[in-house]
Amino acid sequence: MDKMSKFSHITKVHPCYNEKLHDKIGRVHLPVAPKCNIACRFCKRSISEDCCEHRPGVSHGVLKPEDVEDYLKEIIKKVPNLKVVGIAGPGDSLFNKETFETFEIINDKFPDLIKCLSTNGLLLPKYAKKLADLDVKTVTVTVNAIDPKILKDIVDWVYYDKKVYRGEEGAKILIENQIKGIKKAYDEGLIIKINTVLIPEINLEHVVEIAKTLKDYAYIQNIIPLIPMYKMKNLRRPTCMEMNTVKDKCEEYIKQFRACQQCRADAVGLLSEAKILKEKGLNLDIYDLKHF
Ligand code: SF4
Ligand code: SF4
Ligand code: SF4
């Protein structure tokens, strides 16, 4: 059986794996995972290692697992055709125990929703099996380079096994774990999407190597443009032509998702999520609802 048909029971209903459904099927993100274990230079939520356990400024908007049931009940009333529930941060989903608690709640109370997760992949080797056991179906891993010399310019440091690794050393650990974790998740039957942020000055020529390396394991790749901010605020966004050229090159190896506008530009699903969060007294910036 080929990759497409093996996963078709999920990909035919998941809006992030099927462009044609992108505007038709509802999905919700539960912002239960505030902490992050790496520091991407484009992420305004990057934090210094001495506050690794906290992400000041986002805690007020974080949903607690005990509030998930009520929140989802509200969402189901308001979002038509809701089929997918995702945990996508605002930090790294796998670095927060609340992610696993939340999936257990969903299994218990909302067993019909498809469970989805987005991660930087650092802890995926450790948790791939646990995710499969929790009946998570789809995992998005953000892979921005598979060469430490390139990734070191995108990620400042990586916090792993209670230690901070900087520069190339940290980048190497992240890449190794991403590849190992993706293979493991694939073997566990999870459907894998690769998100890649295209940063013209850094990974324009390199992104195709990511597609080549992961072609046997990824179902789809979603290349998204850099939004210049934080330590990358002086870098430029890719042009549409650069985006399309890179997607065309990668398409030779992995099917490309071309409908993604990034959630911040996706008013429908996310605005209603933000509105409901606000009604519940959680003043979460729409930015925080989506992991890159
Ligand atoms: Fe889509 Fe990613 Fe959210 Fe899953 S976590 S529903 S793939 S945006
Ligand atoms: Fe962490 Fe995601 Fe921000 Fe990178 S983009 S620092 S993985 S929250
Ligand atoms: Fe759709 Fe937003 Fe996911 Fe892009 S990031 S695929 S716009 S839900």
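Let me begin by describing the structure that accompanies this report.

Observations concerning the packing of helix 5 (residues 124-133) against helix 7 (residues 167-187)
- Packing of helix 5 against helix 7 leaves a shortest axis separation of 8 Å and a crossing angle of 15°. Viewed along their axes, helix 5 and helix 7 adopt a mutual orientation that is roughly parallel. As helix 5 runs across helix 7, the sense of the crossing is right-handed. Every residue of helix 7 that contacts helix 5 at L124, P125 and A128 is listed here: N177, K180, G181, I182, K184 and A185.
- Residue composition of the contact of helix 5 with helix 7, by class: 5 nonpolar, 2 polar and 2 charged.

Looking at the site of ligand 1
- Taken together, 11 residues surround ligand 1, and among them C16, R27, H29, C116 and T140 come closest.
- Of all elements in the fold, only strand 1 (26-29) and strand 4 (114-119) reach the threshold of two or more residues within the shell around ligand 1.
- Of the residues belonging to the shell around ligand 1, the class tally is 4 nonpolar, 4 polar and 3 charged.

Looking at the sheet that holds strand 8 (residues 191-198)
- Across the sheet, which stays open at both edges, the 6 strands sit in the order 1-3-4-5-8-9 with parallel pairing between neighbours. At either end of the open sheet lies a strand with only one pairing partner, and these are strand 1 and strand 9 (220-225). Between one strand axis and the next, the sheet turns through 25° on average, direction left out of account.
- In this sheet, strand 5 (residues 136-142) lies alongside strand 4 in parallel orientation, the contact comprising 5 bridges. Bridge pairing links S118 to T140 in strand 5.
- Along the sheet, helix 3 (residues 65-78) contacts strand 1 and strand 3 (82-87); its crossing angle with strand 1, the most-contacted strand, is approximately 155°.
- Against the sheet, helix 4 (residues 97-109) touches strand 3, strand 4 and strand 5, its axis set at about 170° to strand 4.

Digging into the pairing of strand 7 (residues 163-166)
- Sheet topology note: the strand 6 (residues 155-160)/strand 7 ladder contains 4 bridges and is antiparallel. Directly across from V158, in strand 7, lies its bridge partner Y165.
- Hairpin connection from strand 6 to strand 7: 2 residues lie between these consecutive antiparallel strands, with D161 at a positive phi of about 50°.

Reading guide: rules and limits
Residues numbered from 1 in each chain as written. Chains lettered and ligands numbered in written order. Predicted model: local features only at pLDDT ≥ 70, side-chain atom pairs only at ≥ 80, totals over all residues. Heavy atoms only, no water. Axes fitted to C-alpha atoms, helices over the stretch in contact; angles between N-to-C directions. Helix = DSSP H or I, 4+ residues; strand = E, 2+ residues; numbered from the N terminus. Parallel < 35°, antiparallel > 145°, perpendicular 65-115°, else oblique. Left-handed = near helix turned anticlockwise from the far one by under 90°. Contact = heavy atoms within 4.5 Å. Nonpolar A, V, L, I, M, F, W, Y, C, P; charged D, E, K, R; others polar. Near = heavy atom within 4 Å. Pairing = 2+ DSSP bridges.

Shape is all these values report; function is a separate question.
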